[in-house]
Amino acid sequence: MTEPRETDQDFELKLLLTAVEEKYGYEFGSYARASLMRRVRRHMQMSGVEHISDLIPLFLHDESAFAAFVKDMSVVVTEMFRNPDFFKSLRENIVPILKTYPFIKVWHAGCASGQEAYSMAILLDEEGLLDRCQIYATDFNDQALRHAKTGIYPEEDMALYEENYRQAGGTKELSKYCHRGYDSVKFNGRLAEHITFANHNLVTDGVFGEMNLILCRNVLIYFNQDLQNRVLQLLFDSLCSRGILCIGKRENIQFSSIGDQLEVADRNQKIYRKKI
Amino acid sequence: MARSLVVIGASAGGLSALESLLNELGKNFSLPIVVTKHLASGDEEGLHKVLSKTSPMEVSIACDKQPMERNHVYLAPGGYHLQIEDKDTLSLSVDEQVCHSRPSVDVLFQSAADVFGKKLLGVVLTGANRDGAEGIKAIKQAGGVTVVQNPETSEVPIMPKSAISTGCVDYILDLNDIAICLKDLEFKLEK
Ligand SMILES: C[S@@+](CC[C@H](N)C(=O)[O-])C[C@H]1O[C@@H](n2cnc3c(N)ncnc32)[C@H](O)[C@@H]1O
């Protein structure tokens with residue numbers, strides 16, 4: 001027998017992804033491999049099977065098992081004012097640009113349970129811009145969107161959120177923007193009035209409006225380089241002239257084709273602006 | 001393409017352990033080195049500053065889909081898991097914490113074992129957590145080599161002890177012997 005060209009693991013994963021694509025139409029082959037493998041391994045453990053290929057009959061014949069897998073592919077880990085330095089830079093470097101527009105459209109692509117969108121609404125409110133803003137917050141996970149619409153988050157997360165808010169240059173108390181319940185907080189309906197939550201799949205859906213500002217943070221990391229390039233092009237095409245694009249602190253546009261059509265607004269915080 | 005790789009996990013006490021290990025390895029150690037040290041979001045800048053100054057190899061904070069180079073050390077940023085995507089590339093995720101940590105050593109080690117199999121050296125240094133134990137198991141199962149800092153000479157022995165308790169550890173060594181061992185294995189692995 002000659003040495004196999006790929007490991008059993010690679011081979012079985014390929015078969016599983018092909019089966020899933022044929023049956024359900026999901027193209028997980030373009031997702032980042034290491035994170036995908038974590039999910040596959042977790043579902044092997046949950047189902048008590050030994051080989052990746054054992055998941056093939058399971059996913060093909062048990063739709064609820066596959067639905068659980070799809071749900072698991074959406075990682076909704078987020079916080080208010082995540083990476084406070086980023087929001088600080090938005091306030092200092094980008095808000096002055098936004099102030100020159102009569103109306104401002106903002107898109108959060110991959111908004112998860114909504115904290116990033118509420119953070120933006122608070123920031124824009126403090127800068128006197130909220131009344132002429134429309135914020136679109138999209139995700140492909142309906143359950144996360146339903147959560148986002150409620151604006152309700154666990155009380156125990158508030159300490160971190162308050163700290164982030166302060167580091168992001170907030171001058172009030174974050175609790176001013178929410179009502180306290182027994183073990184949760186609910187952010188003001190006034191903020192939510194300016195946010196439209198909607199389902200949008202970055203892999204299969206098209207261009208989204210003429211946005212002045214797009215945030216797509218910590219979503220691209222789950223895609224392989226090809227898919228990242230495709231999605232970055234979609235984001236780029238959804239920007240208005242001179243529009244602003246923000247990606248996650250440790251993500252890159254450097255390897256993509258839109259790289260040279262953007263200028264750097266803040267290198268460290270990964271904020272870019274469409275060139276003329 | 002990197003043919004083989006070193007992955008290192010560290011937690012409490014890890015800064016000085018990493019400083020001296022990288023120093024002992026010297027600038028001629030050629031395998032890429034990928035390090036997960038537990039830290040909070042943003043604290044990677046400080047770690048990077050210190051290690052850049054003392055390490056004879058170049059040190060960077062890892063970015064998503066960053067290509068790995070020889071003679072180079074990559075650090076996990078706080079708030080992200082660092083993973084080995086393929087033989088050339090690193091990747092990040094913001095998946096749930098593992099062992100109360102993100103970055104987690106287990107996540108790095110498991111992904112490295114998937115990609116590098118036998119061509120992998122996993123090292124667990126000082127720390128007050130059991131993160132890394134599952135990862136050591138994964139590396140061993142995939143045929144890689146596992147090295148753990150001697151708990152008796154570790155600043156905090158919990159992490160080395162947890163790794164050793166898996167029964168999957170090849171070498172238990174003092175810090176300066178780890179460098180000698182890695183240099184020795186470098187040649188064997190690259191053959
Ligand atoms: C880790 S969260 C990021 C949340 C927020 N942007 C942040 O940085 O805190 C990633 C989100 O991306 C969403 N996502 C993943 N793939 C997607 C896709 N193909 N289309 C739309 N959203 C997607 C997930 O459902 C998840 O809610």
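Worth saying up front: this structure is predicted, and the values here are computed from it rather than measured.

> Just checking my understanding: could you explain the site of the ligand for this structure?
Ser74, Thr78, Arg82, Asp139 and Leu202 of chain A are the nearest of the 22 residues found near the ligand. More than a single chain frames the ligand: its nearby residues are located in chains A and B. Between the ligand and arginine 82 of chain A, the relevant distance is 2.7 Å, taken from an oxygen atom to a side-chain nitrogen or oxygen of the residue. Within the contact set of the ligand, a nitrogen atom lies 2.9 Å away from a backbone nitrogen or oxygen of leucine 202 of chain A. Protein coverage of the free-state accessible area of the ligand, which is 600 Å², stands at 99%.

> Any chance you could explain the side chain of glutamate 79 of chain A here in plain terms?
Residue and element names in this part refer to chain A. In this fold, glutamate 79 is placed in the loop between helix 4 (63-72) and helix 5 (84-98). Comment: no salt bridge for buried glutamate 79; closest opposite-charge side chain is arginine 82, at 4.8 Å. A polar side-chain atom of glutamate 79 sits 2.9 Å from a polar atom in the side chain of asparagine 164. Filtering out sequence-adjacent residues up to four positions away, glutamate 79 remains in contact with Gln115, Glu116, Leu160, Tyr161 and Asn164.

> Would you explain the packing of helix 2 (residues 33-47) of chain A against helix 3 (residues 105-116) of chain B in this entry?
When two helices pack together, their arrangement is given by the angle between their axes and by how far apart the axes lie. One way to put it is that helix 2 of chain A packs onto helix 3 of chain B with a least axis distance of 10 Å and a crossing angle of 100 degrees. On the basis of their axis angle, the class for helix 2 of chain A and helix 3 of chain B is roughly perpendicular. Listed contacts from helix 3 of chain B to Ala34, Met37, Arg38 and Arg41 of chain A of helix 2 of chain A are Val107, Gln110, Ser111 and Asp114 of chain B. Considering only residue class, the contact of helix 2 of chain A with helix 3 of chain B consists of three nonpolar, two polar and three charged.

> Sorry if this is basic, but what is going on with the side chain of aspartate 131 of chain B here?
Residues and elements named next belong to chain B. Here aspartate 131 is to be found in the loop between strand 7 (120-124) and helix 4 (133-141). Look at aspartate 131: it is buried, it has no salt bridge, and the nearest opposite charge is arginine 130 at 7.1 Å. A polar contact of 2.7 Å, which involves the side chain of aspartate 131, links it to the side chain of histidine 38. For aspartate 131, the side chain forms a polar contact with the side chain of serine 104, separated by 3.2 Å. For aspartate 131, the residues in contact, after removing those within four places along its chain, are His38, Cys99, Ser101, Pro103, Ser104, Val105, Asp106 and Met159.

> Can you help me understand helix 8 (residues 158-167) of chain A in this one?
Counting along an α-helix, one turn takes 3.6 residues, and residues three or four places apart therefore face a common direction. Residues and elements named next belong to chain A. Within helix 8, burial applies to Met158, Tyr161, Glu162, Asn164 and Tyr165. Down the axis of helix 8, the buried set is contained in an arc of 165 degrees. They therefore lie on one face. Those residues of helix 8 that are buried are in contact with helix 5, helix 6 (115-126), strand 3 (152-154), strand 4 (178-180) and strand 5 (184-187). Of the residues flanking the end of helix 8, it is glycine 169, one or two places downstream, whose phi is positive at about 95 degrees.

> Would you mind showing me how to read the domain arrangement of chain A here?
Many structure descriptions define interface size as the accessible area lost when the parts assemble. Residue and element names in this part refer to chain A. Considered domain by domain, chain A is made up of domain 1 (8-73) and domain 2 (84-274). Here domain 1 and domain 2 have C-alpha centroids that lie 31 Å from each other. Facing six residues of domain 1, the contacting portion of domain 2 comprises eight residues. Carbon and sulfur atoms supply 55% of the area buried between domain 1 and domain 2, which totals about 810 Å² over both sides. Sorting the residues of domain 1 by area buried against domain 2 places Ser30, Tyr31 and Lys71 first, and these three jointly supply 54% of that buried surface. Taken together, the connections running from domain 1 to domain 2 amount to zero salt bridges. On the surface where domain 1 and domain 2 come into contact, there are two residue pairs in polar contact (both at pLDDT 80 or more).

Quick notes on the rules
Residues numbered from 1 in each chain as written. Chains lettered and ligands numbered in written order. Predicted model: local features only at pLDDT ≥ 70, side-chain atom pairs only at ≥ 80, totals over all residues. Heavy atoms only, no water. Near = heavy atom within 4 Å. Polar contact = N/O pair within 3.5 Å; in protein donor to acceptor, adjacent residues only side chain to side chain. Areas by Shrake-Rupley, 256 points an atom, 1.4 Å probe, with all protein chains shown as cover. Helix = DSSP H or I, 4+ residues; strand = E, 2+ residues; numbered from the N terminus. Buried < 20%, exposed > 50% of the residue type's maximum accessible area, 1.4 Å probe, protein only. Lys, Arg positive; Asp, Glu negative; His and termini not counted. Salt bridge = Lys/Arg side-chain N within 4 Å of Asp/Glu carboxyl O. Contact = heavy atoms within 4.5 Å. Axes fitted to C-alpha atoms, helices over the stretch in contact; angles between N-to-C directions. Parallel < 35°, antiparallel > 145°, perpendicular 65-115°, else oblique. Nonpolar A, V, L, I, M, F, W, Y, C, P; charged D, E, K, R; others polar. Arc of directions from axis to C-beta. Domains from an automatic or database assignment. Buried area = accessible area lost by both parts, 1.4 Å probe.

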